[in-house]
Amino acid sequence: MNEKLFLYYTNDLHSHFENFPQIIGHFKEEGLIRKRNNQSYWFIDIGDHVDRSHPIAEAMKGKANVELLNDSDFDLATVGNNEGITLDYEDLYHLYDHADFQLVCANLTSMEGSQPSWLKPTAHVTSIQGVKVGFIGLTAPFNDFYNLLGWNVDAPFAVLDRYLPALAEESDIVVLLSHLGISDDEEIARRYQDIDVIIGGHTHHLFRDGEYINNTLLTAAGKHGKYVGEVILTWDHQQNKLLNKEAYAIATENFPKDVETEAKLAGYALQAKQKLDQTVVTLDQSLEFGWFKETPIMKKLVETLKDWTAADCAMLNAGVLLDRFDKGNVTLGDIHRICPHPINPCLVSLNGDELMEVIRMSITKQFTELKLKGFGFRGEVLGRMVFSGAKVEIEKQSEGQERVVSVQINGVPLDMEKEYTVATADTFTFGRLLPEIAKSETKQFFMPEFLRDLLAETLKKNFQ
């Protein structure tokens, strides 16, 4: 006799609540079918459900996200880096206090003392006919950020070595809930034969029909709730083994919307507006913005960044401001709308020649016109780099590009051999946007402050 088990999952929703009613509409329909057929099923989230670029998540510090998962009858979840490093210690410690689902994350630990009561390394569920499924969760080890907030994330492979043997011994089927990204998932599949399925996230990869490495099935459903995932496991009770594994990612755009979820979101939106309607400053004139020019508000923001970090110089791309500030009252909601990014200030050390290369790259059309998606950036284009403490002389060339003629740091010509402290956005410490910054061996992140906290200070100090 064979038994089918069904896992339905979301990953990397990033508070794109516009897609959540469709997701829950689909999950409810599937749940009714499974109940009617007397089949076992579970709803799972793979992390980064919370993203503070959305006003609901910002105002309620992720608590509305948890309530939505509760109300949608989710069974299991793991922690993503957007939950882990965009909330301060107390907000994360208590985020899931009232979760009706099990949080599974084996490599997240508190540096402040006891673990949160909701945090478990592994979990088990049992099917209607007695198949035992073991889950282990892992999250990406961004300890440069986590440690500043009072948390530590252990190395994923060491944690698997610690927990997996016992989990495999106690379980018929082993499922990894992975917020590590595709590269680590693939390496885990190569190394650990005991893991039957890896449900992935973090790098926003999409496997429409799953992928196999050795005998491990990998699946992931992209980002922002545009897809949801389904895993179907067939257990042979006569042979006492897993007979078949299937995985699918399904587009959500044509799913029916769940009206109860829509109503809850409308209520949360109203609560968020009320919380964010607090006036920060009153302007006697509007403040313009521009992605490809240096505006007064952008110049002052970069000056605040330099002073905040006590840097030799500071640089910030104008694309971090998405709109102008109108004359009159400016609220917390206005500041969040205009600077929604979960981006922290950062201080890096660069030699003069490295700083020159960063400046040269930052003025190119390829950089300023880049439509970046990710690394905390929630804008349209990166925009022009604006400097404080660095005077950059530029000349236009015939083909429209610009060339750096000279650079002065606080009135003194740039010394190619000297080491400078440079304040910027943590965005540039990732990837290859500005490689010299990403490769810097000395980085200091300022947390839990976001750029919008500095923006609020800038408005109060300079434009009151």
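Cut-off values and rules
Residues numbered from 1 in each chain as written. Predicted model: local features only at pLDDT ≥ 70, side-chain atom pairs only at ≥ 80, totals over all residues. Heavy atoms only, no water. Helix = DSSP H or I, 4+ residues; strand = E, 2+ residues; numbered from the N terminus. Buried < 20%, exposed > 50% of the residue type's maximum accessible area, 1.4 Å probe, protein only. Contact = heavy atoms within 4.5 Å. Areas by Shrake-Rupley, 256 points an atom, 1.4 Å probe, with all protein chains shown as cover. Lys, Arg positive; Asp, Glu negative; His and termini not counted. Charge placed at Lys NZ, Arg CZ, Asp CG, Glu CD. Disulfide = S-S within 2.5 Å. Domains from an automatic or database assignment. Buried area = accessible area lost by both parts, 1.4 Å probe. Pairing = 2+ DSSP bridges. UniProt positions renumbered as here; feature names shortened; annotations may be inferred. Salt bridge = Lys/Arg side-chain N within 4 Å of Asp/Glu carboxyl O. Axes fitted to C-alpha atoms, helices over the stretch in contact; angles between N-to-C directions. Parallel < 35°, antiparallel > 145°, perpendicular 65-115°, else oblique. Left-handed = near helix turned anticlockwise from the far one by under 90°. Nonpolar A, V, L, I, M, F, W, Y, C, P; charged D, E, K, R; others polar. Phe/Tyr/Trp six-rings, centres within 6.5 Å; stacked < 30°, edge-to-face > 60°. Lys NZ or Arg CZ within 6 Å of the ring centre and 35° of its normal.

1. Comments concerning the overall build of the protein chain
- For the protein chain, the count of helices and strands is 15 helices and 25 strands.
- Projected onto the principal axes, the alpha-carbon positions of the protein chain cover approximately 80 × 50 × 50 Å.
- Out of the 464 residues belonging to the protein chain, those deemed buried represent 57%.
- For the protein chain, contacts bridging at least 24 residues in sequence account for 73% of all contacts bridging at least 6.
- If you sum the accessible surface of the protein chain, you get close to 19400 Å²; carbon and sulfur atoms cover 46% of it.
- A distance of 5 Å separates the average location of the 45 positive side-chain charges in the protein chain from that of its 69 negative side-chain charges.

2. Observations concerning the state of the cysteines
- One pass over the full model with this rule turns up 0 disulfides.
- We note that cysteine 339 lacks a disulfide partner, and the nearest cysteine sulfur, in cysteine 346, lies 16 Å from it.
- With no disulfide of its own, cysteine 346 lies 13 Å from the sulfur of cysteine 313, the closest cysteine sulfur.

3. Points about the domain arrangement of the protein chain
- The domain architecture assigned to the protein chain consists of domain 1 (2-272) and domain 2 (278-463).
- Taking only C-alpha atoms, the centre of domain 1 and the centre of domain 2 are 35 Å apart.
- Taken together, the 15 residues of domain 1 in the interface contact 12 residues of domain 2.
- Between domain 1 and domain 2, a total of about 1200 Å² is buried, with carbon and sulfur atoms accounting for 69% of that surface.

4. A look at the pairing of strand β17 (residues 313-317)
- Counting buried positions along β17 yields 5 of 5 residues, so the element is predominantly enclosed.
- Burial along β17 is two-sided: Cys313, Met315 and Asn317 and Ala314 and Leu316, pointing in opposite directions, are all buried.
- Two strands pair when backbone bridges link them, and β17 and strand β24 (residues 419-425) are joined in this way by 2 bridges, in the parallel orientation. Looking across to β24, one finds that cysteine 313 is bridged to valine 422.
- Inspection of the sheet shows β17 paired to strand β20 (residues 385-388) by 4 bridges, in the antiparallel sense. Considered in β20, the bridge of methionine 315 is made with phenylalanine 387.

5. Re the UniProt feature "domain: 5'-Nucleotidase C-terminal" (unreviewed entry) in the protein chain
- Residues given the UniProt feature "domain: 5'-Nucleotidase C-terminal" (unreviewed entry) here are residues 290-427.
- Along residues 290-427, the helical share is 26% and the strand share 32%, with 20 Å between the first and last C-alpha atoms.

6. Let's talk about the pattern of salt bridges
- Within the structure shown, the criterion is met by 20 salt bridges.
- Ionic pairing is found between aspartate 258 and lysine 28, a salt bridge with its closest N-O pair at 3.0 Å. Taken together, the positions of aspartate 258 in the loop between β15 (241-251) and α9 (259-276) and lysine 28 in helix α1 (residues 20-36) put the pair 230 residues apart, joining distant regions of the chain.
- Of the residues examined, aspartate 258 reaches a relative accessible area of 10% and is grouped as buried.
- The salt bridge involving glutamate 369 is made with lysine 365; its shortest N-O contact spans 3.0 Å.
- Judged by relative accessible area, which is 41%, glutamate 369 ranks as partly exposed.
- Each of Lys28, Asp258 and Glu260 takes part in one network of salt bridges that share partners.

7. Quick look at the sheet that holds strand β21 (residues 390-396)
- Pairing in this open sheet of 3 strands is antiparallel, and the strands run β21-β22-β23 from one edge to the other. Both outer strands of the open sheet, β21 and β23 (412-413), are each paired with one neighbouring strand and no more.
- The pairing of strand β22 (residues 402-409) with β23 spans 2 bridges and is antiparallel. Following the sheet pairing, glutamine 408 is matched in β23 by proline 413.
- Its contacts with the sheet put helix α12 (residues 352-362) on β21 and β22, and the angle it makes with β22 is roughly 140°.

8. A word on the packing of helix α10 (residues 296-309) against helix α15 (residues 451-462)
- Contact pair α10 / α15: the axes reach a minimum separation of 9 Å and the direction vectors enclose 110°. Classified by the interaxial angle, the pair formed by α10 and α15 is roughly perpendicular. Helix-helix and strand crossings are classified by hand; for α10 and α15 the assignment is right-handed. Contacts from Ile297, Lys300, Leu301, Thr304, Leu305, Asp307 and Trp308 of α10 reach α15 at Leu451, Leu454, Leu455, Glu457, Thr458, Leu459, Lys461 and Asn462.
- Across the contact of α10 with α15, the residue classes tally to 8 nonpolar, 3 polar and 4 charged.

9. A short note on the packing of aromatic side chains
- Using the criterion set out here, one finds 19 aromatic pairs in the structure.
- Between phenylalanine 6 and tyrosine 8 the ring centres are 6.4 Å apart and the planes differ by 10°, which places this aromatic pair in the stacked class. Across the pair, exposure class does not vary: phenylalanine 6 and tyrosine 8 are buried alike.
- Seen from their ring centres, phenylalanine 27 and phenylalanine 43 are 4.8 Å apart, and the 15° between their planes marks the pair as stacked. Of this pair, phenylalanine 27 sits in helix α1 while phenylalanine 43 sits in strand β2 (residues 40-45); the two residues are 16 residues apart in sequence, bridging distant segments of the chain. Both residues of the pair, phenylalanine 27 and phenylalanine 43, belong to the buried class.
- Put simply, the rings of Phe6, Tyr8, Phe27, Tyr41, Phe43 and Phe74 touch in pairs and so form one group of aromatic residues.
- For arginine 34, the ring lying beneath its charged end belongs to phenylalanine 6, and the centroid distance is 3.8 Å.
- For the cation-ring pair, arginine 191 lies above phenylalanine 157, with the distance from its terminal atom to the ring centre recorded as 4.1 Å.

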